Amino acid sequence: MLGTVIEELASTVDELATVELTGIEPRELLEGIRDLEVVRRRLDAATDVLVEHCEATAAFVEDGHKSTKSCIKHLGRLSGGEALARTQTVRAWKQLPTVTEAYRSGKIPTGCMRAVARVAANPRIRALLEVADPVFAEMATELGHDDFCAWLKDWERLADADGAAHAAERDHERRGARLVQNEIDGTWRLESDHGDLQGAAMADIFDAFVQAELDADVGWAKEHLGDGWTPDQLPRTPRQRRADALFAIFRRAMAQPADAKNPEPLVSIVFGDDDLETEVRRQCGDPVSADPTRVEDTVCSTVSGHRIHPSSALAALMVGYIRRIVTDADSNVIDLGRRRRFFTGSARDAAFIQALLQKSGTGCLFPGCDTPHRRLQVDHTRAYGTGGATAPHNSDLSCGVHNRLKEHGFRPLRQPDGGWVVLRPDDTPVTPSA
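Scope of this entry: the structure provided in the associated data block. (Residues numbered from 1 in each chain as written. Predicted model: local features only at pLDDT ≥ 70, side-chain atom pairs only at ≥ 80, totals over all residues. Heavy atoms only, no water.)

If you trace the backbone, Ala120 turns up in helix α6 (residues 110–120). A residue is classified by how much of its surface remains accessible, and Ala120, at 3% relative accessible area, is buried. With 13 residues separating them in the primary sequence, Ala120 and Asp133 have C-alpha atoms 10.0 Å apart. Those residues in contact with Ala120, other than ones at most four positions away along the chain, are Ala92, Gln95, Leu96, Ile125, Arg126 and Leu129. (Helix = DSSP H or I, 4+ residues; strand = E, 2+ residues; numbered from the N terminus. Buried < 20%, exposed > 50% of the residue type's maximum accessible area, 1.4 Å probe, protein only. Contact = heavy atoms within 4.5 Å.)

Here is the structure:
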């Protein structure tokens, strides 16, 4: 029976691969891609059902495997990480029935299901899973993969405050770096590991240098090719620009005198007043417990969106390593720290903070766009020429390409929850996600 179903499925896949696509309307194609993604999720869930049965019946013993994980790793030629994720998924099903039902119906992406299963494997938060189950299902259904994983990480931090703090401390203690030369071809490779705070600071610095290299290439293209240049005509690839940016950082450091003063603060961190107080009390040994149901009301992140554990932020705050931006329950800035110049005359920074505190986040508002934070443009949602104010509430973040789409009739519409819907020139929304 199982073999027959698989043969029929394979036949259907073969038929799908031969569908004539010539002449198909773009919107129909986009909707087809979306709908097929839902089917693929359901197929992933059905495959996991077989894994669950293999686990329950110990069928893996038939071929001498030690576990379900090692069995499916062999059968599917999977990575160890993927095999573990599948076994974690089926083990989480009994604890998360609402999530499981949504996953099997295709409402939750496979990657989001794997992330939930990883969190569910944490023994310190299992007592909360029954309450969290419908919340997980709702958020995994509504949010994109990256946003959901960020939300889930925050939830786990609140549910397992001590464990998350120990992990952050462990990552910092394990920091290291090395520059290794390949003895065969003479090339060099830089490898490094850092904690959350160091990593966030380095990411912002690196992004700034990469942007400088891109600006240099664009300047060359405009000078030699005119305004009609295309990205593939730039003198360097993105990979090459990143390598040259890293080298520029080394050269800049070497050019500084030995007694040069480091710029401070290196990182600006936004966190809620309650979060700061809770972390201070926890560090002082008070038996505090964070409420994982208020994930949306908490934030501890750099302005560019990199998550920071409150313990790392608090430690850095004590030595003046960061600029603090404390918000109240209504997301109003109530403390700018020692450097109040941060907002002075800077509507751009205010717009980024406004986006960070809302559901939209600090990415391009256009769905699916992953343009880096440093390359986003801040623009008026309601055009300045039609009376739109230059203020955070009338701002939006988008990359250059999607910002220019406004001139061709595309229009972003802010939702009551802070998210965005992008409308086509005919006022219909762009194809929604699966």
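So, next bit.
Moving on, we come to the side chain of Arg424. Examined against the element boundaries, Arg424 turns out to sit in the segment after β10 (420–423). An unpaired buried charge is present at Arg424: no salt bridge exists, and Asp426, the closest side chain of opposite charge, is 5.1 Å distant. In contact with Arg424, not counting residues within four places along its chain, are Arg27, Gly409, Phe410, Pro429, Val430 and Thr431. (Lys, Arg positive; Asp, Glu negative; His and termini not counted. Salt bridge = Lys/Arg side-chain N within 4 Å of Asp/Glu carboxyl O.)

Applying the stated criterion to the full structure yields 18 salt bridges. Between Arg86 and Glu82 there is a salt bridge, and its shortest N-O distance comes to 3.0 Å. Taken together, the residues Arg86 and Glu82, both in helix α4 (residues 80–92) and four residues apart, mark about one turn of the helix. Since its relative accessible area comes to 19%, Arg86 is described here as buried. What makes Glu82 partly exposed here is its relative accessible area of 26%. The closest approach of N and O atoms between Asp217 and Arg236, which form a salt bridge, is 3.0 Å. Within this pair, whereas Asp217 is found in helix α10 (residues 196–225), its partner Arg236 is found in the loop between α10 and α11 (238–255), the two being separated by 19 residues in sequence. Note on Asp217: relative accessible area 4%, which makes it buried. Connected through shared salt-bridge partners, Glu213, Asp217, Arg236, Arg241 and Asp244 make up one network.

As a further point, take empty space enclosed by the protein. This structure, assessed with the given rule, holds three cavities of 30 Å³ or more. Of the volumes computed, that of the second largest cavity is approximately 60 Å³. Every residue along the wall of the second largest cavity is listed here: Leu365, Phe366, Ser398, His402, Leu405, Lys406, Phe410, Arg411, Pro412 and Val422. When the residues that make up the lining of the second largest cavity are grouped by side-chain class, the tally is six nonpolar, two polar and two charged. (1 Å grid on protein atoms, 1.4 Å probe; cavity = no way out; pocket = protein on both sides within 12 Å on 5 of 7 lines; lining within 4 Å. Points joined across faces, edges and corners; volume = space filled by probe spheres on them. Nonpolar A, V, L, I, M, F, W, Y, C, P; charged D, E, K, R; others polar.)

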